[in-house]
Amino acid sequence: MSDVSFVRTEMLQEQTPPASEVGIIGWVRHNLFSGWFNSILTLISLYAIYYVLSGIVPWIFQSVWNANSLTECREIMMATWGSTHGHACWAVINDRWLQMLFGFYPDHLYWRPILALVLLLIALAPILYSERVPSKLLYLTAAYPFLMPFLMWGGTIWGPISAALGFVIGWGVYTVLSKQLSGLLGLVLGVLATVIWWLVLSGYVVGAMDSILPIGIEAVQSRQFGGFMLAILLGVVAIGVSLPIGIVLALGRQSDLLIVKYLCVGFIEFIRGVPLITLLFVASLLLNLFLPPGTNFDIILRVMIMMTLFSAAYMAEVIRGGLAALPRGQYEGADSLGLNYWQAQRLIIMPQALKISIPGIVSTFIGIFKDTTLVSIIGLFDVIGLSSAIRADTAWNGIYWELFAFIGALFFVVCFSMSRYSMYLERKLQTGHR
Amino acid sequence: MSELAIEREIDRTKMQVSDEVAIEITGMNKWYGAFHVLRDINLTVNQGERIVIAGPSGSGKSTLIRCLNALEEHQQGRIEVDGTVLSNDLKNIDKIRSEVGMVFQHFNLFPHLTILENCTLAPIWVRKTPRREAEERAMHFLEKVKIPEQADKYPGQLSGGQQQRVAIARSLCMMPRIMLFDEPTSALDPEMIKEVLDTMIELAEEGMTMLCVTHEMGFARQVANRVIFMDAGQIVEQNEPEEFFNNPQSERTKLFLSQILGH
Ligand SMILES: Nc1ncnc2c1ncn2[C@@H]1O[C@H](COP(=O)(O)OP(=O)(O)OP(=O)(O)O)[C@@H](O)[C@H]1O
Ligand SMILES: [Mg+2]
């Protein structure tokens, strides 16, 4: 150990020539102390950082992990440090973390949301990292929207199959009619057929098939859903569905067809003009007034629809910004080669417009993901709702910081990943200056 | 607006004008709002013709050739391109656009696609050419414009002249019967102008029907078989290049030529 001083003299000899200009000292001098004003700012900042960390670090690390109640926590703190101030009681997280993650989801079925999450990551891989992943995985991606609800809610297998069938029917109607009549009429009737199938017919078919061939897994009710799982569920659906809807709305807003244009403008401006919380109240209370009595329209589904529409309106405006940034020459180049409207949009316009809009799109994603916490106000037990529920328990009455720190950490991990991914994507799509 | 000398001998053996009509415009009028841009245009272009359209800025040259592939809509008159009448029917428009190549002043390459992808996109999606074949054809035309080695780069990594040659190759990949050029060299430096003009001359030598808006009077003199002079939305004068330059008929043409040729 005493050899340290010997090693240090060797290094000093090597470092002498550049002295204050390079290396750590040079960097510090250039960046932190390059004048008296900068030096003062640096010192003030260092003190501020020290002040914050000196409070937080001991709070995080000199903490209690094992206790059954806040009172017990405080007793341990008194015994160990002689004060309850400045020490975290992580025991509440230790005690309740499963509940904060899964809500009241039956604990013997935890594997289902976990499997759904793992499958989600696999299904996303071919989209997020298209060139590093076998494209066969896209089949899983296509099946995922039907697989996920089945895993989460359980019940009969005929439900998701019938939902998928709705798309097949719509597609069939569209392809037949668009050839014989016009493309637009085919599209409208195709969508209509799908909606009629879902709302009216599929219920009977599912019932019939289930009585003939009852295959299924244990059902879980929507009111048992909760915790961070609910945030991810709502976030994933809102993000995944709002992007395509946003693209369609942005295109519709630029359309030459006046009716389409004003429908899109009206929708976007209405949704953007209303707070999300109002839409959620509409979902939870008002919709019941309009629906025929006895319809069982799942509350989570209603919330999903509202969050999706909300985020789609913002998405549309972000994408419209990207479209506006494209030079007119790109449209003309595509037109002059004989590409039709949809080909031009899909192959030329959208790839560039979306690329320009990546920062805005990801901000909208992050925003809507964090806004999922608002559902606690309409009585769903997401993480925020659960933290109140946990505090309502006499054992943990009065605990705030630890719960919110935990919730904050959960959200930060997801949002920060999205943000990093978007930076990776922007770098990947960089194809040299124009 | 210099008169660029074209050094090499031009091979005129295949530059023959046939009797077959490629483009026929009769009584065409166009307005931008209340502004009458194109006035009573009548023009017949035969297969194999090389036409240069000249005229002062704002005279409607771009508008005229953009009407030919329906990038602009005309309000009156009849335009027939390669046997198809331009109407509001989208099918007709897409058909004409795939038969008529267009090269723009600012290239309008697709920056998110490689050079090769730029060239194969339309053949694959519009003509439904198998990818392999489309790529072979693209390489053939990239060799023709002398930049096969750039195939895997992106447009942003090429010089202006190279980009414009890619744009020409991209149009040629659709095997057009007619090529429209809208000031293909005006955004380029002099050395690059030459490489693009060389490519265009080669095209002319192969008998391509070309309509070219340009200020390159050297090109007009040596390659065109007809020069059209436009002013204020009208075709003022058209003639063979020799006659057009040496013996202009209207005052406006004389004024324009004295300005552009600097004597
Ligand atoms: N989209 C438009 N809306 C209204 N007026 C237009 C539009 N495009 C062009 N014009 C006008 O039409 C006239 C003809 O334009 P055009 O671009 O055809 O001229 P040009 O002969 O190509 O000129 P240049 O040599 O400068 O390219 C101009 O006066 C121009 O201001
Ligand atoms: Mg012009």
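- For chain A, an unreviewed UniProt entry supplies the name Amino acid ABC transporter permease and the organism Ruegeria spongiae.

**Some thoughts on the sheet that holds strand S2 (residues 35-46) of chain B**
Residues and elements named next belong to chain B.
For step 1, the next point in the chain: The sheet built from 4 strands is open, its strands ordered S2-S1-S4-S5 with antiparallel pairing. The open sheet has two edge strands with one neighbour each: S2 and strand S5 (84-85).
For step 2, the next point in the chain: Bridge analysis of strand S1 (residues 21-32) against S2 gives 8 bridges, and the strand direction is antiparallel. Of the residues in S2, the one forming a bridge with Ile23 is Val45.
For step 3, the next point in the chain: Against the sheet, helix H1 (residues 61-68) contacts S1, S2 and strand S4 (76-81), and its axis sits at roughly 120 degrees relative to S1.

**Description of the interface of chain B and chain A**
For step 1, the next point in the chain: Each partner contributes residues to the interface: chain B has 25 residues there, and chain A has 21 residues.
For step 2, the next point in the chain: Carbon and sulfur atoms supply 61% of the area that chain B and chain A bury against each other, a total of about 2,000 Å² over both sides.
For step 3, the next point in the chain: Counting every contact that joins chain B to chain A gives 2 salt bridges.
For step 4, the next point in the chain: Between Asp335(A) and Arg97(B) there is a salt bridge; the shortest N-O distance is 3.9 Å.
For step 5, the next point in the chain: In this assembly, chain B and chain A are joined by 6 residue pairs in polar contact (both at pLDDT 80 or more).

**Description of the site of ligand 1**
Residue and element names in this part refer to chain B.
For step 1, the next point in the chain: Residues in close proximity to ligand 1 include Tyr32, Phe35, Val37, Pro56, Ser57, Gly58, Ser59, Gly60, Lys61, Ser62, Thr63 and Glu183, which together make up its full environment.
For step 2, the next point in the chain: Tyr32 places a side-chain nitrogen or oxygen 3.4 Å from a nitrogen atom of ligand 1.
For step 3, the next point in the chain: Separating an oxygen atom of ligand 1 from a side-chain N or O atom of Thr63 is a distance of 2.4 Å.
For step 4, the next point in the chain: In isolation ligand 1 exposes 630 Å². Once the protein is present, 59% of that is buried.
For step 5, the next point in the chain: For the shell around ligand 1, the secondary structure elements donating two or more residues are S2 and H1.
For step 6, the next point in the chain: Broken down by element, the residue count for the shell around ligand 1 peaks at 3 residues, all from H1.
For step 7, the next point in the chain: Taken together, the residues of the shell around ligand 1 break down into 4 nonpolar, 6 polar and 2 charged.

**Looking at the confidence of the model for chain B**
For step 1, the next point in the chain: When pLDDT is averaged along chain B, the result is 88, and 97% of the positions lie at 70 or above.
For step 2, the next point in the chain: At the level of chain-chain contacts, confidence expressed as ipTM amounts to 0.90, with global pTM at 0.84.

**Digging into helix H4 (residues 131-144) of chain B**
Residues and elements named next belong to chain B.
For step 1, the next point in the chain: The end-to-end C-alpha distance of H4 is 20 Å, a good match for the 20 Å that 14 residues give at a rise of 1.5 Å each.
For step 2, the next point in the chain: When we look at burial in H4, the residues that qualify are Ala134, Arg137, Ala138, Phe141, Leu142 and Lys144. All buried residues of H4 project into a common sector of 150 degrees when viewed along the axis, lining one side.
For step 3, the next point in the chain: Of the surrounding secondary structure, the elements contacted by the buried residues of H4 are helix H3 (115-125), helix H5 (160-172) and helix H6 (190-205).
For step 4, the next point in the chain: Just downstream of H4, Lys146 is the residue with a positive phi angle, here 70 degrees.

**Description of the side chain of Arg302(A)**
All names here are of chain A.
For step 1, the next point in the chain: When you line up the elements, Arg302 lands in helix H13 (residues 299-325).
For step 2, the next point in the chain: Despite its burial, Arg302 remains without a salt bridge, the nearest opposite charge being carried by Asp298 at 7.0 Å.
For step 3, the next point in the chain: Side-chain polar atoms of Arg302 contact the backbone oxygen of Ala283, separated by 2.8 Å.
For step 4, the next point in the chain: Once residues lying within four places of it in the same chain are set aside, the contact partners of Arg302 are Ala283, Ser284, Leu287, Asn288 and Phe297.

**Here's the deal with the packing of helix H6 (residues 111-128) of chain A against helix H7 (residues 138-153) of chain A**
All names here are of chain A.
For step 1, the next point in the chain: Where H6 contacts H7, the axes come no closer than 9 Å and their chain directions differ by 165 degrees. Compared by their axis directions, H6 and H7 come out roughly antiparallel. H7 is crossed by H6, and the crossing has left-handed handedness. Contacts between H6 and H7 involve Arg112, Pro113, Leu115, Ala116, Leu117, Leu119, Leu120, Ile122, Ala123, Pro126 and Ile127 from the former and Leu138, Leu140, Thr141, Tyr144, Leu147, Met148, Phe150, Leu151, Met152 and Trp153 from the latter.
For step 2, the next point in the chain: Of the residues belonging to the contact of H6 with H7, the class tally is 19 nonpolar, 1 polar and 1 charged.

**Re the layout of surface pockets**
Residues and elements named next belong to chain A.
For step 1, the next point in the chain: Taken as a whole, the second largest pocket holds about 480 Å³ of empty space.
For step 2, the next point in the chain: Around the second largest pocket sit 20 residues that line it, and Trp59, Gly86, His87, Trp401 and Glu402 are the ones nearest its centre.
For step 3, the next point in the chain: Put simply, the parts of the chain that give the lining of the second largest pocket at least two residues each are helix H3 (36-61), helix H4 (70-81) and helix H17 (401-428).
For step 4, the next point in the chain: Top contributing element to the lining of the second largest pocket by residue count: H3, with 6 residues.
For step 5, the next point in the chain: Its residues placed into classes, the lining of the second largest pocket shows 11 nonpolar, 7 polar and 2 charged.

**Structural notes on the UniProt feature "transmembrane region" (unreviewed entry) in chain A**
All names here are of chain A.
For step 1, the next point in the chain: As annotated by UniProt and renumbered to match this structure, "transmembrane region" (unreviewed entry) occupies residues 36-61, 110-130, 161-177, 184-205, 225-251, 263-287, 299-319 and 398-418.
For step 2, the next point in the chain: As annotated, residues 36-61 has a helix share of 100% and a strand share of 0%, and its two end C-alpha atoms lie 37 Å apart.
For step 3, the next point in the chain: Helix makes up 100% of residues 184-205 and strand 0%, with an end-to-end C-alpha separation of 29 Å.

**Side note on the pattern of salt bridges**
Residue and element names in this part refer to chain A.
For step 1, the next point in the chain: The tally for this structure, following the rule as stated, stands at 22 salt bridges over all chains.
For step 2, the next point in the chain: Note that Arg96 is salt-bridged to Asp393, the shortest N-O span being 2.4 Å. Here the residue Arg96 occupies a position in helix H5 (residues 91-102), and Asp393 occupies one in the loop between helix H16 (383-392) and H17, the gap between them amounting to 297 residues.
For step 3, the next point in the chain: The shortest N-O distance in the salt bridge between Arg253 and Glu269 comes to 3.3 Å. Of this pair, Arg253 sits in helix H10 (residues 227-253) while Glu269 sits in helix H11 (residues 258-272); the two residues are 16 residues apart in sequence, bridging distant segments of the chain.
For step 4, the next point in the chain: On the accessibility criterion, Arg253 (16% relative accessible area) is buried.
For step 5, the next point in the chain: For Glu269, a relative accessible area of 34% puts it in the partly exposed group.

Each value, and the rule that gives it
- Residues numbered from 1 in each chain as written.
- Chains lettered and ligands numbered in written order.
- Predicted model: local features only at pLDDT ≥ 70, side-chain atom pairs only at ≥ 80, totals over all residues.
- Heavy atoms only, no water.
- Pairing = 2+ DSSP bridges.
- Helix = DSSP H or I, 4+ residues; strand = E, 2+ residues; numbered from the N terminus.
- Contact = heavy atoms within 4.5 Å.
- Axes fitted to C-alpha atoms, helices over the stretch in contact; angles between N-to-C directions.
- Buried area = accessible area lost by both parts, 1.4 Å probe.
- Salt bridge = Lys/Arg side-chain N within 4 Å of Asp/Glu carboxyl O.
- Polar contact = N/O pair within 3.5 Å; in protein donor to acceptor, adjacent residues only side chain to side chain.
- Near = heavy atom within 4 Å.
- Areas by Shrake-Rupley, 256 points an atom, 1.4 Å probe, with all protein chains shown as cover.
- Nonpolar A, V, L, I, M, F, W, Y, C, P; charged D, E, K, R; others polar.
- pLDDT = per-residue confidence, 0-100.
- Expected span 1.5 Å × (residues − 1).
- Buried < 20%, exposed > 50% of the residue type's maximum accessible area, 1.4 Å probe, protein only.
- Arc of directions from axis to C-beta.
- Lys, Arg positive; Asp, Glu negative; His and termini not counted.
- Parallel < 35°, antiparallel > 145°, perpendicular 65-115°, else oblique.
- Left-handed = near helix turned anticlockwise from the far one by under 90°.
- 1 Å grid on protein atoms, 1.4 Å probe; cavity = no way out; pocket = protein on both sides within 12 Å on 5 of 7 lines; lining within 4 Å.
- Points joined across faces, edges and corners; volume = space filled by probe spheres on them.
- UniProt positions renumbered as here; feature names shortened; annotations may be inferred.

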